[in-house]
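# Close look at the chain arrangement
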Amino acid sequence: MIRLAIGTLRRHRGAYLGTFLAALLAVALLAGAGLLLFSVLTAAPPANRFASAAAVVSGAREVSLTTTKEKHKKGKTKTKTKVKTERLSGAGTLPGDLATRLAGLPGVARAVPDAAFPVELTTAAGRPVRGADAAPVIGHGWSSAALTPYRLRVGDAPAAGEVVVDADLAARGNLAVGDHLRITTRTGVRILRLAGVAAPIGRDALPAQGALFFADREVAAVSGLAGPTAVAVLAGPGADRRALLAAVRARAGGMPVLTGADRVRADLPGALPDYIGPISVFGFTIGITAFAAIFVLTGTVALGVRQRLRELALLRTIGATPRQLRRLLGVESLVLAAVAALPGLPLGVLVAHLVAARFRHLGVVPAQFTVRVNPVVLMLAGFAGALVTLVAARFAGRRAVRVAPAQALVETVVAPRGGMLARAAVALVAAAGAVAVLTFVPLGGPFGMGMTFISSALLLCAVAALGPLLVRLVSAVPGRLSAGTGAAGWLAAATTRVEVRRTAAVAVPLVLMFAINAPLLLNGELLTRLAGDQQAQRLAGATTLVTGAVGLPLDTAKRVTALPGVTGAVATVPTRVVLADGGKPQDYAAQGLLRTGVDGALDLAVDDGALAGDGTFAASSDLADAYGWRLGDEVPIWLADGEQVVLRLSARYSWHRGFGELTLPAGLVAAHDPRGLVTMVALRDSDGAVAERIRQRWPELRVVPTAAATRTDDGNQQGAWELLVVVSLGFTAIAVVNTFAISAAARRREFTDLRLAGATARQVHRLVDRERLITVMAALVLGVAVTSAVVVPFSIAQDGVLRLVVAPGTYLLLLGGVAGLGLLAGALPVRLVQRRRGLPALEDR
């Protein structure tokens, strides 16, 4: 059977070329997406700042919630305990005397307290200095330099009023010993002298973070920390590590004690690459690519098997059993998939590297992210491609190997009409699933984009299942119009109506190309537009915006808002907080607000209540509804450093896009967020001299009119969606061309009959052009229907506005691109067939 399958593939290699190409691309996409997801799931911090320590006692780095459920069954009680965690954006502190208590333990050479905090470093000329790949600069006390260890290359250890920078920062900022640097933290702005340059052994700096060292006695004043964020324990010579660790855990008082590779988790979260967001991005990527690959490969294999129905019927007439034919199709598909995997897997590795590079450029993934090539992932991608090819081949050939030989021969000439009941059942289930998702899942929440993709996929499955019926219905009007254009048009309409399965096989990839990409692109544009609109509406009452190159300390912002002529001002301090959602901690974007004056410089569209002061918070109406909060409710909130506070809900607001789901007092946020800097001060003034006063007193600040700065930072997210669309469009476009080529190759005998009947090559071209136009129009109608079914509910969920066309320009561009590709892809293969001398395919008769 294997020899027969290989011989068949060799004999009909032209006919199998399209299926081979589809399998190759499917394997490449699956491999590329799988490698990206594997790489981000297994990504580790690039370096360990605590490499010299035997153990590290860490402050809070995550919020953990424990839930316990009891089940009573048959007189027995079973207790089930679950622990859910959420990573903090800041770092909790430890008792100030913990290092002293640990230093007295047997076997401990030193216990070094480490205070890690973000620092904004600028040169005397005002130029910001950051680490490699725009890495943050992290401040420490000089004693913690021994933990990596850092060694001085030039200069001296820092004294009061001095700092030491790592060699990489010194090179990037062109800094030399004796230079004066501007240091900005949440406690204020300081001008300090550069005392020396240090570096880890064998390198200029640690990846993902720059290092700035202060005198130990100045750390508390500069950082605003109440204690160290970690305490590293260095073991003495010959110490019993096991006994040492047991003693440290006993003395740590329940605080996490980290060893080995886990020591890096004691570092400041902002100093480590964050892979939480990229996990969801790449999970979404593999969902899109897997669906498109399986969808296209299944359709292509089915079309290829359909071409061979005559051959299968003839094999039945000479005595082949259904079981033998099923084995033949299975072996052929497996051999074809195995051959396609040979170039497909290396191509998938290349795709993964290209996509990762683009995502790094967009800032969607950390700059340190690299693709890890894993043989198991590649093997799974190849296996998935082979499995899909096998199942599709068996499914497509099930009728040909099951019916009587005479009936199989008849169906090679007359299209079969059975099987619609099973198709209708599949379509009904898929459509019902899509309706359920669009109806019962909150599309306005964080999972809205993912749910729209699932809805599109389910509706596309329904379209594919009922393809012949739907294509017959939507092509009726184009067919009638075509029939009125002459003999070629009439024949084209009749052909598409009779060979509706073949027409559907070509139309469905076009539907996929439009309906899987349009919702992603259009919904992404809608979110970006709504965020920009709400940002402009929030700041409509402000006349001037004040920002800094690296942010403003809250004290500086207060002085700005107190200037003469300012009638109203708002300063914002961005942060992230954690809420308890049914025993599961959830992370949310929030803003600290400082409000002064009587004129509103910031409008959040408050629906109920009023923005109050200390001890209160406000929440978006969507979030308040999701948690069931009412005005006056007291809600526990974990701040960035893990500190839990209980605040009273004083207001609900609507304009939260691009801003934050919660607002808290600015002083509270600045005291607990490691960065704690004001990013924007919105002013409303009574005269035009306020901007000039700010420039004279704080020349380093940027003062602009409100209209020049009302934008959001959603460009990277939209860029990520656009990149996913580009990948999907590229694959589906190749699939469309491939499908048209397979269909044209299968009709060579039909074209021969037309030529023998007296038709000229030009008449055949005109016939195919009319068929192609009908097919493309039918595909676009179905694609627009699927897109509208998804985009409309998504739009209503965002702001209550029904939009059929979110972005007319993008919509027309997609329509024109899909239509142009369909028309071009249908024309070229037929013309290549017609270019053969004499009657095409005559020798095949």
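Located above this text is the structure these notes cover.
About the criteria used
- Residues numbered from 1 in each chain as written.
- Predicted model: local features only at pLDDT ≥ 70, side-chain atom pairs only at ≥ 80, totals over all residues.
- Heavy atoms only, no water.
- Patch = residues over 30% accessible without salt bridge, like charges linked within 9 Å, V, L, I, M, F, W, Y side chains within 5 Å.
- Areas by Shrake-Rupley, 256 points an atom, 1.4 Å probe, with all protein chains shown as cover.
- Salt bridge = Lys/Arg side-chain N within 4 Å of Asp/Glu carboxyl O.
- Lys, Arg positive; Asp, Glu negative; His and termini not counted.
- Charge placed at Lys NZ, Arg CZ, Asp CG, Glu CD.
- Helix = DSSP H or I, 4+ residues; strand = E, 2+ residues; numbered from the N terminus.
- Buried < 20%, exposed > 50% of the residue type's maximum accessible area, 1.4 Å probe, protein only.
- Arc of directions from axis to C-beta.
- Contact = heavy atoms within 4.5 Å.
- Polar contact = N/O pair within 3.5 Å; in protein donor to acceptor, adjacent residues only side chain to side chain.
- Phe/Tyr/Trp six-rings, centres within 6.5 Å; stacked < 30°, edge-to-face > 60°.
- 1 Å grid on protein atoms, 1.4 Å probe; cavity = no way out; pocket = protein on both sides within 12 Å on 5 of 7 lines; lining within 4 Å.
- Points joined across faces, edges and corners; volume = space filled by probe spheres on them.
- Nonpolar A, V, L, I, M, F, W, Y, C, P; charged D, E, K, R; others polar.
- Pairing = 2+ DSSP bridges.
- Expected span 1.5 Å × (residues − 1).
- Axes fitted to C-alpha atoms, helices over the stretch in contact; angles between N-to-C directions.
- Parallel < 35°, antiparallel > 145°, perpendicular 65-115°, else oblique.
- Left-handed = near helix turned anticlockwise from the far one by under 90°.

## Here's the deal with a positive patch on the surface
A cluster of basic residues, K69, K71, K76, K78, K80, K82, K84 and K584, forms a positive patch on the protein surface. Among the elements of the structure, β2 (62-73) and β3 (76-87) are those that each provide at least two residues to the positive patch. Per-element tally for the positive patch: the top contributor is β3, with five residues. Inspection of the secondary structure assignment puts K71 in strand β2. We classify K71 as exposed; its relative accessible area is 56%.

## Observations regarding unusual backbone geometry
Cis geometry is adopted by the peptide bond preceding P149, which originates at T148 and carries an omega value of 0 degrees. Along the chain, the position of P149 falls in the loop between β7 (137-141) and β8 (150-155). Backbone geometry places N174, a non-glycine residue, at a positive phi of 55 degrees. Turning to its location among the elements, N174 is positioned in the loop between α4 (167-173) and β10 (180-185).

## Some words on helix α14 (residues 467-474)
Restricting attention to buried positions, one finds in α14 the residues G467, P468 and V471. The arc that holds the buried residues of α14, viewed along the axis, is 95 degrees, so those residues lie on one side. At its buried positions, α14 is contacted by α12 (420-440), α13 (448-465), α17 (500-515) and α25 (761-799).

## What about the side chain of D267?
Inspection of the secondary structure assignment puts D267 in the loop between β14 (257-258) and α7 (276-307). The buried category is assigned to D267, whose relative accessible area is 1%. At 3.0 Å, the side chain of D267 forms a polar contact with the side chain of Q209. Excluding residues within four positions of it along the chain, D267 makes contact with R49, F50, R61, A116, Q209 and L272.

## Describing the packing of aromatic side chains
The description of two aromatic rings rests on the distance between their centres and on the angle between their planes. Tallied over the entire structure, the rule returns eight aromatic pairs. A ring pair is formed by F117 and F214, whose centres lie 5.7 Å apart and whose planes are at 35 degrees; its orientation type is tilted. With F117 in strand β5 (residues 117-122) and F214 in strand β12 (residues 210-214), the pair connects residues that are 97 residues apart, well separated along the chain. With relative accessibility at 0%, the residue F214 sits in the buried group. Taken together, the ring pairs connect Y588, F617, Y627 and W629 into an aromatic cluster.

## A word on empty space enclosed by the protein
The full count for this structure, using the stated rule, is five cavities of 30 Å³ or more. Within this model, the largest cavity holds a volume of roughly 210 Å³. Along its surface, the largest cavity is lined by 17 residues, and V506, F740, S743, R747 and E771 are the ones closest to its centre. At the level of elements, α16 (487-498), α17, α23 (715-746), α25 and α26 (808-834) are the ones that each hand at least two residues to the lining of the largest cavity. Per-element accounting of the lining of the largest cavity gives the leading share, four residues, to α25. Residues that form the lining of the largest cavity fall into these classes: six nonpolar, six polar and five charged.

## Quick word on the pairing of β5
Of all six residues that make up β5, six are buried, and the element is covered over most of its length. Going residue by residue along β5, you find F117, V119 and L121 tucked away on one face and P118, E120 and T122 tucked away on the opposite face as well. The pairing of β5 with β7 spans three bridges and is classified as antiparallel. When the sheet's bridge partners are listed, V119 is paired in β7 with V137. Bridging between β5 and β10 involves three bridges; their strand directions are antiparallel. Residue pairing for β10: E120 is matched across the bridge by T184. Here β5 folds back onto strand β6 (residues 128-129) in antiparallel fashion, the turn holding five residues, of which G126 has a positive phi close to 90 degrees.

## Comments concerning α13
End to end, α13 covers 26 Å across 18 residues, agreeing with the expected 26 Å (1.5 Å per residue, within 8%). With 13 of 18 residues buried, α13 is to be regarded as a mostly interior element.

## Re the side chain of R263
By the element assignment, R263 lies in the loop between β14 and α7. Notably, R263 is buried but unbridged: the nearest opposite-charge side chain belongs to D262, and the N-O separation is 8.8 Å. Here F50 takes part through its backbone oxygen, which lies 3.3 Å from a polar atom of the side chain of R263. In this structure R263 touches N48, F50, A51, A53, A54, V56 and L258, once residues within four positions along its chain are discounted.

## Re the packing of α13 against α17
Orientation of α13 relative to α17, taken along the N-to-C sense of each, is 165 degrees, at an axis distance of 10 Å. What the angle tells us is that α13 and α17 run roughly antiparallel. Handedness of the α13/α17 crossing: right-handed. Within the contact between the two elements, α13 uses S456, L460, V463 and A464 and α17 uses V508, V511, L512 and A515. Partitioned by chemical class, the residues of the contact of α13 with α17 number seven nonpolar, one polar and no charged.

## Details of the sheet that holds strand β4 (residues 108-114)
Overall, antiparallel pairing links the four strands, which are arranged β4-β13-β1-β14 in an open sheet. The open sheet has two edge strands with one neighbour each: β4 and β14. Each of β1 (55-58), β4, β13 (230-235) and β14 touches helix α6 (residues 241-252); the most contacted strand, β13, lies at about 155 degrees to it.

## Side note on the pattern of salt bridges
Overall, the coordinates contain 14 salt bridges when judged by the stated rule. The closest approach of N and O atoms between D587 and R576, which form a salt bridge, is 2.5 Å. With D587 in strand β17 (residues 584-597) and R576 in strand β16 (residues 566-581), the pair connects residues that are eleven residues apart, well separated along the chain. The closest approach of N and O atoms between R695 and E692, which form a salt bridge, is 4.0 Å. Of this pair, R695 and E692 both sit in helix α22 (residues 690-697), separated by three residues, roughly a single helical turn. Shared partners join several salt bridges into a network, and the residues in it are R49, D114 and D267.

## Notes on the environment of D614
Looking at the secondary structure, you find D614 in the loop between β18 (606-609) and β19 (616-620). Judged by its relative accessible area of 72%, D614 is exposed. In sequence terms D614 and A666 are 52 residues apart; their C-alpha atoms lie 9.0 Å from each other.

## Notes on the pairing of strand β22 (residues 662-665)
The sheet contact formed by β17 and β22 spans four bridges and is parallel. Opposite G592, over in β22, you have L664 as the bridge partner. As judged from the two bridges shared by β19 and β22, these two strands associate in the antiparallel manner. Of the residues in β22, the one forming a bridge with A618 is T663.

## Let's talk about the environment of V577
Relative to the helices and strands, V577 is located in strand β16. Note on V577: relative accessible area 1%, which makes it buried. Distance in space between the C-alpha atoms of V577 and G344 is 44 Å, their sequence separation being 233 residues. Among all residues touching V577, those that are not within four sequence positions of it are Q586, D587, Y588, A590, I637, W638, L639, L662 and L664.

Without other data, these values stay purely geometric and don't point to any function.
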